[in-house]
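The chain contents come next:
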Amino acid sequence: MNGVIYARYSSDNQREESIEGQLRECKAFAEKNGIRVIDSYIDRALSAKTDNRPQFQQMIKDSSKGLFDVVIVWKLDRFARNRYDSAHYKNLLKKNNVRVISATEAISEGAEGIILESVLEGMAEYYSVELAEKINRGLTENALKCKYNGGSLALGYRIDSEQHYQIDPMTAPIVREVFENYKNGMTQQEIADNLNNKGLRTQRGSKFNVNNISRILTNRRYIGEYIYKETVIPDGIPAIISKELFNDVQEILAKSKRAPARHKAEDDYLLTTKLYCGKCMSFMVGESGHSKGNRYTYYKCVNAKRTKNCDKKAVKKD
């Protein structure tokens, strides 16, 4: 009889060594029962709550080739922690004359074996759901205490030894500068360029762009709101900017959202789709921009704008 081994560990408290242990016990089981192991499928740091596991799906696909008769798992919860997925994929394997065997759980092939297997699968699903509930309960408790719950940290903050938010004296001034400059009339692109020219970088060490600036300008954490999923606690963390400055910026952002439609009606780019770039013969299209409170309109080569493969400079609309 030919067989394959399926081994998996999730990211909770398991390491690479757990894979080695699973393989060792599965191989010992195979040798004891006269099964020749021809291959192993291993998914690392992937939960069995989902069937979106590359090696697992490859194993199911390979079962149709008739190369193996059994799939050996250390325990049934390695195969699936969801009764629907377990039944679904075991049925697919059964159609290909392949069955799943647990190396450490003695399950007979009779009627009582069906009951025992369903109990073990139910316990695995129960454990998975209970673990998720415990984790969520812990995260909710942390949230109510305004503690950091993981994820990307907003620029301007650091986390102390007790998992509380503290203002980072090195990066908080960047946040204040972004808000003040936007209120004073600088565009988001100009703010990003200004920060990049100073050699400043985002929390991840990359250059600033319009998306970074937009996220900063709309992040309510900067006025002291603690936010985790549905939990919002005003004044739960130290504020970096005043609520007055934040509200002023939100008003400007709201006006900017309405501005494009207004300017589109005001600006009539008659030469769009009629004007061609003299360097690459692509269309020239109408564009507008702001600088120091002034608005400028011009035509720009589509190729230069989108792919940067043309060095044609923008031409003033006038």
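Trainee: Can you walk me through the packing of helix 6 (residues 172-183) against helix 8 (residues 210-218) in this structure?
Mentor: When two helices pack together, you describe them by how their axes are tilted relative to each other and by the distance separating the axes. The interhelical angle for the contact between helix 6 and helix 8, taken along N-to-C directions, is 90 degrees, at an axis separation of 10 Å. Between helix 6 and helix 8, the interaxial angle falls into the category roughly perpendicular. Contacts from Val175, Val178, Phe179 and Tyr182 of helix 6 reach helix 8 at Ile213, Ile216 and Leu217. Residues belonging to the contact of helix 6 with helix 8 are distributed by class as follows: seven nonpolar, no polar and no charged.

Trainee: Looking at this structure, I do not really get the pattern of salt bridges. What am I missing?
Mentor: Under the defined criterion, the tally for this structure stands at eight salt bridges. Across the salt bridge formed by Asp311 and Lys279, the nearest N and O atoms sit 3.0 Å from each other. Placement of Asp311 in the loop between helix 10 (302-306) and strand 11 (315-316) and of Lys279 in the loop between helix 9 (243-266) and strand 9 (284-291) is noted, with a sequence separation of 32 residues between them. The residue Glu287 makes a salt bridge to Lys305 at a minimum N-O spacing of 2.7 Å. You can see Glu287 sitting in strand 9 and its partner Lys305 sitting in helix 10, a full 18 residues away along the chain. The exposure class assigned to Lys305 is partly exposed, which follows from its relative accessible area of 35%.

Trainee: Looking at this model, I keep getting lost on helix 6. Mind explaining?
Mentor: Note: α-helices contain 3.6 residues per turn, so residues at a spacing of three or four share the same orientation. Taking 1.5 Å per residue, twelve residues should reach 16 Å; helix 6 reaches 17 Å between its end C-alpha atoms and fits that length. Taken together, the buried positions of helix 6 are occupied by Ala172, Ile174, Val175, Glu177, Val178, Phe179, Asn181 and Tyr182. Phi turns positive one or two residues past the end of helix 6, at Gly185, with a value near 110 degrees.

Trainee: Would you mind going over helix 2 (residues 54-62) with me for this structure?
Mentor: Every buried residue of helix 2 is listed here: Phe56, Met59, Ile60 and Asp62. The buried side chains of helix 2 occupy one side of the element, clustering within an arc of 165 degrees when seen end-on. Structural note: helix 2 exposes Pro54 and Lys61 on the side pointing more than 90 degrees away from its buried face.

Trainee: For this particular structure, what's the right way to read the sheet that holds strand 10 (residues 294-301)?
Mentor: Pairing between the strands of a sheet comes from backbone hydrogen bonds, and it takes one of two forms, parallel or antiparallel. Taking strand neighbours across the sheet as the criterion, the three strands line up as 9-10-11 in an open arrangement whose pairing is antiparallel. Where the open sheet ends on each side, the last strands, each with one partner, are strand 9 and strand 11. Judged from the two bridges that link them, strand 10 and strand 11 form a sheet pairing that is antiparallel. Bridge assignment links Tyr298 to a residue of strand 11, and that residue is Lys316.

Trainee: Explanation requested: the pairing of strand 10 in the structure shown.
Mentor: Residues in a regular strand project their side chains so that they alternate between the two faces of the sheet. With eight bridges joining them, strand 9 and strand 10 adopt antiparallel strand pairing. Directly across from Met284, in strand 10, lies its bridge partner Cys301. Between the end of strand 9 and the start of strand 10, which pair antiparallel, lie two residues, with Lys292 showing a positive phi angle near 50 degrees.

Conventions adopted
Residues numbered from 1 in each chain as written. Predicted model: local features only at pLDDT ≥ 70, side-chain atom pairs only at ≥ 80, totals over all residues. Heavy atoms only, no water. Axes fitted to C-alpha atoms, helices over the stretch in contact; angles between N-to-C directions. Helix = DSSP H or I, 4+ residues; strand = E, 2+ residues; numbered from the N terminus. Parallel < 35°, antiparallel > 145°, perpendicular 65-115°, else oblique. Contact = heavy atoms within 4.5 Å. Nonpolar A, V, L, I, M, F, W, Y, C, P; charged D, E, K, R; others polar. Salt bridge = Lys/Arg side-chain N within 4 Å of Asp/Glu carboxyl O. Buried < 20%, exposed > 50% of the residue type's maximum accessible area, 1.4 Å probe, protein only. Expected span 1.5 Å × (residues − 1). Arc of directions from axis to C-beta. Pairing = 2+ DSSP bridges.

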